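# Coordinate inspection notes
Each chain, letter by letter, is given below.
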Amino acid sequence: MDMNPQNRKRQAIPWQSLKFSRLKTDEKGVTNAKCLLCDKIVQNTGYDRLLGHSPLFVTWEIGKDNQLRGCVGTFNAMQLHAGLREYAEISAFKDPRFNPISRDELPSLHVTISVLHHFEHAMDYLDWEVGVHGIRIEFHDERGSKRTATFLPEVAKEQGWDHTHTIDSLFHKGGFKGSVTQDMRRNAKVTRYQSESVSVSYQEYMHHCQSSLQ
């Protein structure tokens with residue numbers, strides 16, 4: 001992956017162009033997806049041509065308190081439409097931290113799509129700005145196995161974390177069970193990045209669908 005900043009103009013992704021995930025249950029009661037999210041990201045704007053292939057994440061949340069229901073993405077650059085279809089379904093039904101999203105949860109759901117860009121190697125674990133950068137760390141656990149973990153740009157700010165708390169939380173998210181030391185922080189490989197994101201609630205999606213039929 002090219003880690004150099006990409007100096008290209010970016011446009012906001014209009015939520016009106018998104019299609020919410022459609023859920024159904026088969027005869028065995030097994031939930032599965034007919035994921036039509038982002039069947040057409042942009043209508044007559046050329047945004048997908050401008051963006052090309054990019055890393056992306058899809059986050060599902062539920063309720064007024066925005067409880068996380070799934071968040072999965074990729075740091076591999078993917079074609080926008082195909083990537084959103086794939087990861088909308090994976091994050092809704094295959095995030096190992098949660099049960100699959102059920103049909104009954106649909107009215108309380110909203111989804112956020114984050115397109116990642118401007119990847120840069122950080123000089124150290126403090127070389128990033130809370131609320132601006134997402135960060136990804138690479139480290140080796142007690143057995144010498146390589147581990148990785150990431151937080152999107154909004155996470156540290158929403159949680160009220162400073163740099164050290166964020167890095168330590170990433171170590172634990174990546175599977176480290178012990179106390180994080182200063183040497184571990186200094187030795188971690190840190191990559192910072194930015195994102196463009198858009199959120200859509202189920203109610204907004206339904207309103208858009210009804211309006212389009214008029």
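Presented here is an overview of the structure given in this document.

Conventions used here
- Residues numbered from 1 in each chain as written.
- Predicted model: local features only at pLDDT ≥ 70, side-chain atom pairs only at ≥ 80, totals over all residues.
- Heavy atoms only, no water.
- Helix = DSSP H or I, 4+ residues; strand = E, 2+ residues; numbered from the N terminus.
- Pairing = 2+ DSSP bridges.
- Axes fitted to C-alpha atoms, helices over the stretch in contact; angles between N-to-C directions.
- Contact = heavy atoms within 4.5 Å.
- Buried < 20%, exposed > 50% of the residue type's maximum accessible area, 1.4 Å probe, protein only.
- Core = buried A, V, L, I, M, F, W, Y, C linked by side-chain atoms within 4.5 Å.
- Expected span 1.5 Å × (residues − 1).
- Polar contact = N/O pair within 3.5 Å; in protein donor to acceptor, adjacent residues only side chain to side chain.

Per the secondary structure count, the protein includes six helices and eight strands. Going residue by residue from the N terminus, the α and β elements of the protein occur as β-β-α-β-β-α-β-β-β-α-α-α-β-α.

On to the sheet that holds strand β8 (residues 189–201). If you trace the six strands from one edge of the open sheet to the other, you get β4-β3-β5-β8-β6-β7, paired in antiparallel fashion. In this open sheet, the two edge strands, each paired with only one partner strand, are β4 (67–79) and β7 (146–151). Across the sheet, the axes of successive neighbouring strands diverge by a mean angle of 25°, strand direction being ignored. As defined by bridge partners, strand β3 (residues 53–62) adjoins strand β5 (residues 109–121) across seven bridges and the pair is classed as antiparallel. Bridge assignment links Trp60 to a residue of β5, and that residue is Val111. Its contacts with the sheet place helix α2 (residues 80–93) against β3, β4 and β5, and it is angled at close to 150° to β4.

The next subject is the pairing of strand β6 (residues 134–140). Of all seven residues in β6, five are buried; the element is thus mostly enclosed. Inspection of the sheet shows β6 paired to β8 by five bridges, in the antiparallel sense. The residue bridging Glu138 from the neighbouring strand is Lys189, located in β8. With antiparallel pairing between neighbouring strands as the criterion, β6 and β7 make up a hairpin whose turn holds five residues, including Gly144 at a positive phi of roughly 85°.

Here the focus is the nonpolar core. Of all hydrophobic cores here, the largest spans 25 residues; its most connected members are Leu116, Ile137, Ile167, Phe171 and Val190. Broken down by secondary-structure element, the contributors of at least two residues to this core are β5, β6, β7, α3 (153–159), α4 (163–173) and β8. Beyond its immediate chain neighbours, meaning those up to four positions away, Ile137 contacts Arg147, Thr148, Ala149, Ile167, Leu170, Phe171, Lys189 and Val190. Core analysis: the next-biggest nonpolar cluster, separate from the first, contains 22 residues, Leu56, Trp60, Ile62 and Val198 among them.

A few words now on the pairing of β5. Within β5, eleven of the 13 residues are buried, which leaves it mostly tucked inside the rest of the structure. Where β5 and β8 come together, ten bridges link them in antiparallel fashion. Residue pairing across strands places Val111 opposite Val200, the latter belonging to β8.

What follows covers the environment of Phe93. Locating Phe93 in the fold gives a position in helix α2. Note on Phe93: relative accessible area 12%, which makes it buried. Measuring from C-alpha to C-alpha, the distance between Phe93 and Arg69 comes to 9.4 Å, with 24 residues separating the pair along the chain.

With 14 residues, α2 should reach 20 Å at 1.5 Å per residue; the first-to-last C-alpha distance of 20 Å fits that figure. Among the residues making up α2, those that are buried are Leu80, His81, Gly83, Leu84, Tyr87, Ala88, Ser91, Ala92 and Phe93. For α2, the capping residue at the N-terminal end is Gln79, with a side-chain oxygen 3.0 Å from the backbone nitrogen of Ala82.

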